[in-house]
Structure formats: C-alpha cells, structure tokens
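Here is what each chain is made of, one letter per residue.
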Amino acid sequence: IACENDDSKRISIFCSACQQTIYPYHLLYHKKTHKALTLLGFASPQRKTDNKTLLAQRQKLISKLTKIPKYSETHRQKIDYSFEFLMDNHTPTSYCDLANINNPSTFKEVNNSLIKALAICQDKNSTWQGDMEDRFIVLNNYGNRSDTCFLGLVDGSHGVTAAETVAAELPLLFLDQLAQTDSSYKKSKDEQQILDSFATVIKADYREKEKIFSEKPGNDETDKTNTYEWIHKAYAKSFWRMDRLLRLGRNEVSKVRWSGCSVVTCLVERIPSEETDGTKEEERKHSENTTHGPSARTAKGVAGLLHIANIGNAHAVLCKNGKSHCLSKEHSTSNVSERERILQNGGNISINEPDGLVEGYLRTTRGLGHHGDPVLKRSVIPVPHTISVPIDDTCQFLILASNGLWEVLDYNEVLALTLTTFTRYLRMYESVQQNGTSPYVCQYLMPLTEDNLNDSKAIEDLQNGTEILYSNTDIIFCDKLASYAGQELLKTVSPVGSKPLPQFEEDTKMHPSNCKSQTAGRGRVTAETLYDNAASYVSEQLVKTALAAGSRDNITILIVLLNGCNKI
C-alpha cells in the first residue's frame, strides 16, 4: 500500500508531560520549554506566562541565589538561559514534513509463532553523524530450536569496530552458555569452530575468574525463586567474554580511544503447549505458591517468554494492553545509582551538561569495549541488566531502539506514535480494499487515551515485578579487572517478593477487532504481507519522527509485531 503523499503532515506526537499533541519539528522546543519553566519554578509545565511574569520570577530566583553562602554561577547561568529561551517567541507552523531517511525500512522473515512481523529501519542522521555505527541482529531458529529467535541491536560509539564484532560474536557466546545448561540448544560445526578459536584468549586462569558466576553464595536458594536465573547468568557470562575478546583490539583504527557500544538483546522462545495446559488443581497450587519455581511456566494464557539483556543506552519497550513497559535500564550519568557506583569506585564525572560525562568523555556508564582508555574502562563495566517476562495475546509490540530514538522521545511517546501509525496504516489498507474483496475488514478499537499513554503505576508495577513471572537479575561485580576473582556478586533481586504470581487478566478496555475473514481475490494483499508492510511503515515513521524531533545520533529501530496486535 502506497502511503498518501501528505500523510506525514498529519503525524503528531502525544506529549507525555502536558498531554498535548505536538508536531515532531516542534517537539524539541516544546520539551525545552517544559524544562525552562520547571527550572524557573513554575509548577505546571504547560502554564502560559507573559514576559512580565517571567521577569519577576527570574529576579526572585536570582535574589534568593545571591543570599546563599555557596553562590553558584552555573545555576545563575541556567536561570538566565531559561529566561532568555522563554522570552523568545517560537511561533509554530501549521505542519512540517517529516525528514527523509537514507535507508528505507526492510522486513525480516522470522519463523516464530509469537511474531506476526518484524521490520528494521535505520538512518545515520547525516546532519550530525558521518558514519552509521549501529548494527542489528536477527537470528531465526536460534540454537537449532524451532519457535526460538535471537534479536539484538548494537549502538556503536567512537567507531563501528566494536559494534560489528559484537553483532557477529555475541550470539555465539550466548548460545555456547545456553547449550551448557540446556541440551536442546545446538551449535553447528562452523559455530563450534569459531568458539574453539576463542580458547587462545579464554584460558584456564581466565576461566577460574569466571567461577564467580557459579560460586555465588546462596545460589541454590536463589534458583528456587528464579526459574530463569541460569539464562540471566548465561547473558552475564557471554557479555563478560565478549568484552574480553574486544580487549584484543582487532581492526581498531585509533591507538588512543578504541570503539565501544551499547547493546540490547532479546531471546524469544515459545512455551510448548503441554507446559501451558495445567489442570485446575495445578493452577490452584500455583496461585498459592509464593515462589517462582518451574510451576510458573503453567501460568494460564502465557504463550512465550522474552529474555532481555541491555547494557548502556539501547532500550527495549513492550506494549501490553496498550500500555508501555520498559524492559531495560538506563546505564548513563543520568542514573543516580550509576553515578554513585562510579564515584565510590574512584571514577570521575565531569560537569558537562546535562548530566556530566564519565572521565569527561562518555555519557554511558556501562558498555562493551572502550579498552583504549584504561582509566575510562575502570568505570564503564560490561555488566548487563537482565529480565525475563512472559508474553501472551495481550502483548502487541516489542520495540528495540538505539539512543537516537530515546534521546528525543520517551517510552510513552514512542508507544503513542506506534499505535497511531499502526492504526493509520490499517485504515489506509481498509480504504484501499473497501471497493473490492478484502482479506480482513476490521474495526479498530484502540483509543489513545491518557490512561493508556501515561499509566505510570502500570509501568512501575511491571518494573517491580507484579506482572512479571520471573525475577530481574542485575549482577554487579568489581570494576577492577585484576580483582574479579574472589569477589561476590550482589544478591539477585526478586522484585515480586512474597506476593503470589499474578494471572494474566484481560483488559476490559481492550476488545478484539471485529474481523471477518473473506476469500482473497487474485492479486490481493495477504494478512502476512499486510503485517510485514505495517511493521515497515511504523518503523519508518518512528525514524522520521526522531529525525524531525532533533535527534543527533544514529537511529536504528527494530519493531516486532506480536500476536496481540491483531486486537488493535
């Protein structure tokens, strides 16, 4: 389906701060306005103020600031900058065409019953970047297992070498760790040959240090409360080994600062039907059980699992029942706990705006690579945040994206734009087919309400584990390479605590679309092609919007349409 020429003129974003619809080109100044008003002490971010009120508020703040014993010239400058910004009149136009992207979106065929379609769209953002340093991973039948795939996105920094190496070798390292615990994961001869070549680097003394992953105190007790901790440890160990291989500096150009990268990966696996069909007695026992043992796999309605790992500022967001749930953590100087970790271990964070830079160079506090600077590497650790979440037919989209998207849009805004563009594409399809025989004639019943887009409690609940069957692992170990051996990992976090596992509940505001299957005529678009094209269209619109909103980084978006998307 060819998109209408003026379609981009109607694209708008639902601002999660003030609940206003904003055109992409206005979003950058719109958010700056929110920040400026907040810094000047105005409680309401959407409050309209005249110049007289702004001047009075500035004088009031400066008067208070000069009376403080530790006068801050930096704070004074922030007040002045905010005042000057708000005094300028940024007159919005009626609409703005979205920017064109360099690389059109492409869809990938994935043989997985949990996934309807998958598409990737990239743009190097030539206005600000000279090279595309992002890479993506899409592996079908991962480990020679049907209905299992491995997805990943690598956001390169200071060169593409580390990103290319990680995209090629991290899936092999992770598969090797999985195969050691689960024999259903198989490695081909070529894959095993590549892994064997790493033996010259991963030597016996290095393997001794790796025992920290298996000799953690209280491991048996933790296993009882976390069914998939072994997958989290496999992630942690594979990231650890990947970082060790990057120390070789293969293909690095600079002799001073080697490249590095942020990574987000997702292992998608379907739960066999026999494991989901539990008797009423088993379900009763399951609801009474306060631990997360293997019986958790029998939870009603669970069709599959997502095992997510991220490091740095590449993120994964799940859309469930029309609400966004971030499945990753921000590892940057904006994270208070990360700042404390770096400072407590002797690292330095500069005063650069907005949140400072690690050793005056890097915003991310965790990542792979960056071995060219040993001082920087002491603070930037290769420890991923990992989490396992169940998915069912209420899960609609999974979005993996690099920093180029998240630096200008938050999770709720991305969700709103995804739902809007997906619904628009379906309506365009329906309009094209309405005069002929259409495979599906649907009514779309996903309202973009404030409750859907800004349900902070739902996001907090998911992150705290009230909608997650399996616990979140964030394994931390000593930063110094020389002292890894003998250090203890921090205790695995079990966010649900002693609460019983929740059953998947159906959102009363979500209704299946009223679809009538009809015989497709010759030359008609099939349902599979419809979803492939829809995924490509949505990913392109997200990239275009990020460019229009002022992104200054490479942009890569991998969007997965899950089975629940047909209920929109």
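Residues numbered from 1 in each chain as written. Predicted model: local features only at pLDDT ≥ 70, side-chain atom pairs only at ≥ 80, totals over all residues. Heavy atoms only, no water.

Caption draft 1: View of the overall build of the chain. On a plain count of helices and strands, the chain comes out with 17 helices and 16 strands. Of all 568 residues assigned to the chain, the portion counted as buried reaches 51%. In the chain, the proportion of contacts linking residues at least 24 apart, taken out of those at least 6 apart, comes to 75%. For the chain, the computed accessible surface area is about 26,200 Å², with 48% contributed by carbon and sulfur atoms. (Helix = DSSP H or I, 4+ residues; strand = E, 2+ residues; numbered from the N terminus. Buried < 20%, exposed > 50% of the residue type's maximum accessible area, 1.4 Å probe, protein only. Contact = heavy atoms within 4.5 Å. Areas by Shrake-Rupley, 256 points an atom, 1.4 Å probe, with all protein chains shown as cover.)

Caption draft 2: Quick look at helix H14 (residues 411-433). Relative to the 33 Å expected for 23 residues at 1.5 Å per residue, H14 spans 33 Å between its end C-alpha atoms, a close match to the ideal helical length. The buried count for H14 comes to 17 of 23 residues, which makes it a mostly enclosed element. Where H14 begins, the capping side chain belongs to Asp-410, and its oxygen is found 3.2 Å from the backbone nitrogen of Asn-412. (Expected span 1.5 Å × (residues − 1). Polar contact = N/O pair within 3.5 Å; in protein donor to acceptor, adjacent residues only side chain to side chain.)

Caption draft 3: Fine view of unusual backbone geometry. For Asn-144, which is not a glycine, the phi torsion comes out positive at approximately 60°. Locating Asn-144 in the fold gives a position in the loop between strand S5 (134-139) and strand S6 (148-157). Residue classification places Asn-144 among the exposed positions, given a relative accessible area of 62%. Residue Asp-147 is not a glycine yet carries a positive backbone phi of 60°. Mapping Asp-147 onto the fold places it in the loop between S5 and S6.

Caption draft 4: Structural detail: the nonpolar core. Membership of the largest hydrophobic core comes to 44 residues, with the highest contact counts inside it found for Phe-397, Leu-405, Phe-422, Ile-557, Ile-559 and Leu-561. When residues of this core are traced back to their parent elements, those giving at least two are strand S4 (115-123), strand S9 (315-320), strand S13 (395-401), helix H13 (403-406), H14, helix H17 (527-548) and strand S16 (555-562). Considering every element that reaches this core, the biggest residue donor is H17, with 10 residues. Residues contacting Leu-561, with those up to four places away along its chain left out, are Leu-114, Ile-115, Lys-116, Ala-117, Gln-396, Phe-397, Phe-422, Tyr-531, Ala-534 and Ala-535. Of all hydrophobic cores here, the second largest spans 38 residues; its members include Phe-174, Ile-231, Cys-261 and Val-263. (Core = buried A, V, L, I, M, F, W, Y, C linked by side-chain atoms within 4.5 Å.)

Caption draft 5: Just the state of the cysteines, in detail. The final tally for this structure, using the stated rule, is zero disulfides. Here Cys-565 is not disulfide-linked; the sulfur of Cys-319 is the nearest cysteine sulfur, at 9.9 Å. Judged by its relative accessible area of 1%, Cys-565 falls in the buried class. (Disulfide = S-S within 2.5 Å.)

Caption draft 6: Layout of the confidence of the model for the chain. Mean pLDDT over the chain stands at 76; residues scoring 70 or higher make up 70%. Low pLDDT, under 50, characterises residues 1-6; the stretch is placed with eight contacts to residues that sit more than four places away or in other chains. Taken as a whole, residues 275-298 scores under 50 in pLDDT and shows 42 contacts with residues more than four places along the chain or in a different chain. (pLDDT = per-residue confidence, 0-100.)

Caption draft 7: A look at the packing of aromatic side chains. In this structure the tally under the stated criterion is eight aromatic pairs. A centroid spacing of 4.1 Å and a plane angle of 10° characterise the contact between Phe-174 and Tyr-235, whose relative ring orientation is stacked. With Phe-174 in helix H4 (residues 161-181) and Tyr-235 in helix H8 (residues 229-246), this pair connects stretches of sequence that are 61 residues apart. Judged by its relative accessible area of 0%, Phe-174 is buried. With centroids separated by 5.3 Å and ring planes inclined at 40°, the aromatic side chains of Tyr-425 and Tyr-537 adopt a geometry described as tilted. (Phe/Tyr/Trp six-rings, centres within 6.5 Å; stacked < 30°, edge-to-face > 60°.)

Caption draft 8: Spatial organisation of the packing of H4 against H8. In the contact formed by H4 and H8, the axes pass within 8 Å of each other and the chain directions differ by 140°. Judged by the inter-axis angle, H4 sits oblique to H8. Here H4 and H8 pass one another in a crossing that is right-handed. Seen from H4, the contacting residues are Ala-162, Thr-165, Val-166, Glu-169, Leu-170, Leu-173, Phe-174, Asp-176, Gln-177, Leu-178 and Thr-181; seen from H8, they are Trp-230, Ile-231, Ala-234, Tyr-235, Lys-237, Ser-238, Phe-239, Arg-241, Met-242, Leu-245 and Leu-246. Broken down by class, the residue content of the contact of H4 with H8 amounts to 14 nonpolar, four polar and four charged. (Axes fitted to C-alpha atoms, helices over the stretch in contact; angles between N-to-C directions. Parallel < 35°, antiparallel > 145°, perpendicular 65-115°, else oblique. Left-handed = near helix turned anticlockwise from the far one by under 90°. Nonpolar A, V, L, I, M, F, W, Y, C, P; charged D, E, K, R; others polar.)

Caption draft 9: Structural context of the packing of helix H1 (residues 24-39) against helix H3 (residues 73-87). With their axes 9 Å apart at the nearest point, H1 and H3 run at an angle of 130° to one another. With respect to H3, the element H1 is oriented oblique. For H1 against H3, the interelement crossing comes out left-handed. Every residue of H3 that contacts H1 at Tyr-29, Lys-32, Thr-33, Ala-36, Leu-37 and Leu-39 is listed here: Lys-78, Ile-79, Ser-82, Phe-85 and Leu-86. Looking at side-chain class alone, the contact of H1 with H3 contains seven nonpolar, two polar and two charged residues.

Caption draft 10: Spatial organisation of the side chain of Ser-388. Turning to its location among the elements, Ser-388 is positioned in strand S12 (residues 385-391). For Ser-388, a relative accessible area of 0% corresponds to the buried category. A distance of 2.9 Å separates the side chain of Ser-388 from the side chain of His-232, its partner in a polar contact. A distance of 2.7 Å separates the side chain of Ser-388 from the side chain of His-307, its partner in a polar contact.

Caption draft 11: View of the environment of Ile-13. Looking at the secondary structure, you find Ile-13 in strand S1 (residues 13-14). In sequence terms Ile-13 and Leu-417 are 404 residues apart; their C-alpha atoms lie 6.2 Å from each other. Setting aside residues no more than four positions away along its own chain, Ile-13 makes contact with Gln-20, Thr-21, Ile-22, Pro-24, Leu-27, Leu-409, Glu-413 and Thr-545.

Caption draft 12: Quick peek at the side chain of Asp-176. Summarising the element assignment, Asp-176 is placed in helix H4. Accessibility expressed as a relative area gives 11% for Asp-176, which makes it buried.

Caption draft 13: A look at the environment of Ser-254. Here Ser-254 shows up in the loop between H8 and strand S7 (260-270). Between the C-alpha atom of Ser-254 and that of Gly-372, which follows or precedes it by 118 residues, the distance is 8.2 Å. Among the polar contacts made by the side chain of Ser-254, one reaches the main-chain amide nitrogen of Arg-257 at a distance of 3.1 Å.

Caption draft 14: Just the pairing of S6, in detail. Judged by how many residues are buried, S6 sits mostly within the fold: nine of 10 residues are covered. In the sheet, S5 pairs with S6 via six bridges, with the strands oriented antiparallel. Counterpart to Leu-139 in the pairing with S6 is Phe-150. Note that S6 and S7 share 10 bridges and pair antiparallel. Residue pairing in the sheet places Gly-156 in a bridge with Cys-261 of S7. (Pairing = 2+ DSSP bridges.)

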